[in-house]
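# Close look at the chain arrangement
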Amino acid sequence: MNELKEKLRYIFLPYVFITIVSIVLYTSLRYLFDTHMELVHLKEDVKDFWIPFGLAALLVLLFLRKRIHVMNLDWKSDKGYTFYQMIAFFSIAASMIIAQMYVKEVGNKLISIIHIGDIEKHASGNCYSLKEINIDQQSGGVYPTSRTSGKNNQYLTFYIYFVAAIKDKDIAINGNSRQYWFGFRFTKQISNHGGDKEKNAAYEEFYNESVSKANKYDFHRFKYLKIVGYNDDRDGYLKAIESRTRKSGENNIVIVEPKDEAFENKADKMLAWSFGSFGIGAGVFFILLLFPSVNRLKLRDFIEDRPIRNDDLIPMLTVFIPKGQHVITALLLDSNLIVFISMVLGGLNAVSPTPLELLNIGAIRRYEVINGEWWRLVSSLFIHGGFMHLFMNIIGLGVTTFLLEAVLGKFRLVFAYIFSGIIGGLVSIYWHENTVSVGASGAILGMIGVMCALLLTKKYKQESGGIYLIIILLFGGITLLMGLLGGIDNAAHIGGLIGGFLIGLILSLTVSQPDQNFPRRWQS
């Protein structure tokens, strides 16, 4: 009974308190500054998912992780503690994410209006039933795009956005006065593992079908209209508008989508689901706490605010701190993370940005590079096409550069990394005529090429040769094999690998006494 009280006091009740406070605080702040005052200009998926996701991870790391470690978990390594932390993380994240759905549904009311211009009288609304609508079909615009999704980008989804201006007796339709637009879209998902010809044929077929449907579209077949929020669909519709007006910008543009189903305010359901998800998560977490015993020594360490014994997480996180013998490794990792976070906060989709979005921020494509934008060969190395793309490259980048920095030194490593990435980019634009490519993988394969060169020239410590071989065979081999499936720029991988091997041979001539260049903990 005493142990149960200790687990309630030091683990469960703090978990409940932290969860409730974080949900209430974030939801209230979002409602005040975003929904009510409209001061926050971030994409909906960032506010709905990524911020709650990040906050939940931060709360577990800062406030619960140390508490969970006071228990005796007879699991290998730290897997038991990680399991309990993941349960806490998912329960907090799920509750917070569902709460954000509730915030959006609170203001989701159906308002009856006569003309589209009457929306101005109800600025806080976003769903409208309209007695009459007059579409200027001659003003129609279209914008096609695509996104990849799934594990290893296994799916390719085509999107085609159509828009047409809505006429109103009080609003001029010519010039720059078009403010209200009717939008609808069509989508089709195919395998991303096929060849370019197969994908182009599928796209052409889908495009023609979509245009045919759009020409026959019934603009009066809807039960109500919903304003498109600040999300990826709005970006697509704005591009369609731009294709028609030849002017960019979104000021004073209201885009509405037709909804065929009956209007339903789901606020009460979302609120119930938020409490329900928290209750389920808390219940599971509480039941799991009943089984392990309390480690008296660890509990004393926690009460006295001592660090966790044999903690593996802190050493792992130190790789992101630029100091000691891995300064360049940390700077490369940090720069990739900072660029990705800036992309997401700037409005790009965190899971699957479109090729055009990536191109606009520095991706490579043959046309742009050969027309003078050579800087893209470097900028593209720090841009990634989604969270999973970044995650996989961060692992490969951290492992390879950490090992090589001890041998090559800072300046040689930077030169080899950038050189390999540029060679990979050049091979990519030579091989692909119209492919948009981003990511550090070409440079990472270059680091594997450098390892091959060091093995060949025997500029490595004897016991590290096995590590090099494992990385070369596993990471390098798997990466190249995955590229054969399609949807991955294998040309950049092969180019980076060759470039890395060549520059590795040259740099190996400048490396002497390799045994002394390895970190102290690797020396016998």
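Residues numbered from 1 in each chain as written. Predicted model: local features only at pLDDT ≥ 70, side-chain atom pairs only at ≥ 80, totals over all residues. Heavy atoms only, no water.

## Some remarks on the overall build of the protein chain
Heads up, the rule is: Helix and strand assignments come from DSSP, with helices taken as H or I runs of at least 4 residues and strands as E runs of at least 2, each series counted from the N terminus. Residue exposure (1.4 Å probe, protein chains only): buried if accessible area is under 20% of the type maximum, exposed if over 50%, otherwise partly exposed.
Each helix and strand counted, the protein chain has 17 helices and seven strands in total. Evaluated residue by residue, the protein chain yields a buried proportion of 48% over its 524 residues.

## A short note on the environment of Asn 134
As a reminder of what qualifies: When checking whether two residues touch, look at their non-hydrogen atoms; a contact exists if any pair is within 4.5 Å.
With respect to the helices, strands and loops of the structure, Asn 134 is situated in strand 3 (residues 134-149). The spacing of Asn 134 and Ile 116 is 18 residues in sequence and 9.0 Å in space, taken between C-alpha atoms. Among residues more than four places away in sequence, those in contact with Asn 134 are Ala 165, Ile 166 and Lys 167.

## Considering the side chain of Glu 257
Operational definition: Side-chain atoms alone can form a polar contact between residues adjacent in sequence; in general such a contact is a pair of N or O atoms within 3.5 Å, and within protein one must be able to donate a hydrogen while the other accepts it.
Looking at where Glu 257 falls in the secondary structure, it is placed in strand 7 (residues 254-259). We classify Glu 257 as buried; its relative accessible area is 15%. Within the local environment of Glu 257, its side chain forms a polar contact with the side chain of Tyr 237, the two groups lying 2.6 Å apart. The residues contacting Glu 257, other than those within four sequence positions of it, are Gly 183, Tyr 224, Leu 225, Lys 226, Val 228, Asp 233 and Tyr 237.

## Section: the pattern of salt bridges
Applicable threshold: In the sections that follow, a salt bridge refers to a side-chain nitrogen of Lys or Arg positioned within 4 Å of a carboxyl oxygen of Asp or Glu.
For the structure on display, the rule yields 15 salt bridges. The partner of Asp 48 in a salt bridge is Arg 30, and the shortest N-O contact between them spans 2.5 Å. Of this pair, Asp 48 sits in helix 2 (residues 44-68) while Arg 30 is found in helix 1 (residues 2-36), placing the two residues 18 residues apart along the sequence. Here Asp 48 and Arg 30 have matching classes, each one buried. One salt bridge connects Asp 232 with Lys 43, and the closest N-O pair in it is separated by 3.0 Å.

## Description of the side chain of Glu 368
Tracing the backbone through its elements, the reader meets Glu 368 in helix 11 (residues 366-370). On the basis of relative accessible area, Glu 368 is assigned to the buried category, the value being 10%. Polar side-chain contacts of Glu 368 include one of 2.7 Å to the side chain of Arg 365. The residues contacting Glu 368, other than those within four sequence positions of it, are Leu 359, Glu 373 and Arg 376.

## Points about helix 6 (residues 267-289)
Inclusion rule: Helix span, as expected, comes to 1.5 Å for every residue beyond the first.
The terminal C-alpha atoms of helix 6 lie 33 Å apart, and with 23 residues this matches the ideal 33 Å at 1.5 Å per residue to within 8%. Among the residues of helix 6, those classed as buried are Ala 267, Met 270, Ser 274, Ser 277, Phe 278, Gly 281, Ala 282, Phe 285, Leu 288 and Leu 289.

## Some thoughts on the sheet that holds strand 5 (residues 180-191)
As a reminder of what qualifies: DSSP bridges decide pairing: two strands pair if at least two such bridges lie between them. Here an axis means a line fitted to C-alpha atoms, over the contact stretch when the element is a helix, while the angle between two N-to-C directions is reported on a 0 to 180 degree scale.
Read across the sheet, seven strands follow the order 1-2-6-7-5-4-3 without closing on themselves; strand pairing throughout is mixed. Single-partner strands in this sheet number two, and they are strand 1 (110-113) and strand 3. On average, each strand axis in the sheet is inclined to that of its neighbour by 35 degrees, with strand direction left out of account. When strand 4 (residues 155-167) meets strand 5, the two strands line up antiparallel, connected through eleven bridges. Counted as the bridge partner of Ala 165 is Trp 181 from strand 5. Packing against the sheet, helix 5 (residues 232-245) makes contact with strand 3, strand 4, strand 5 and strand 7, and its axis sits at approximately 130 degrees to strand 3.

## Some words on the nonpolar core
Condition: Residues enter a nonpolar core if they are buried and are Ala, Val, Leu, Ile, Met, Phe, Trp, Tyr or Cys, with the set joined through side-chain atoms within 4.5 Å.
Leu 404, Val 450 and Tyr 468 are the most contacted members of the largest nonpolar core, which has 45 residues in total. Among the elements of the structure, helix 2, helix 9 (327-345), helix 10 (355-360), helix 13 (387-408), helix 14 (410-431), helix 15 (441-457), helix 16 (465-483) and helix 17 (490-508) are those that each provide at least two residues to this core. Listed in part, the 32 residues of the second largest apolar core include Tyr 15, Tyr 84, Leu 289 and Leu 299.

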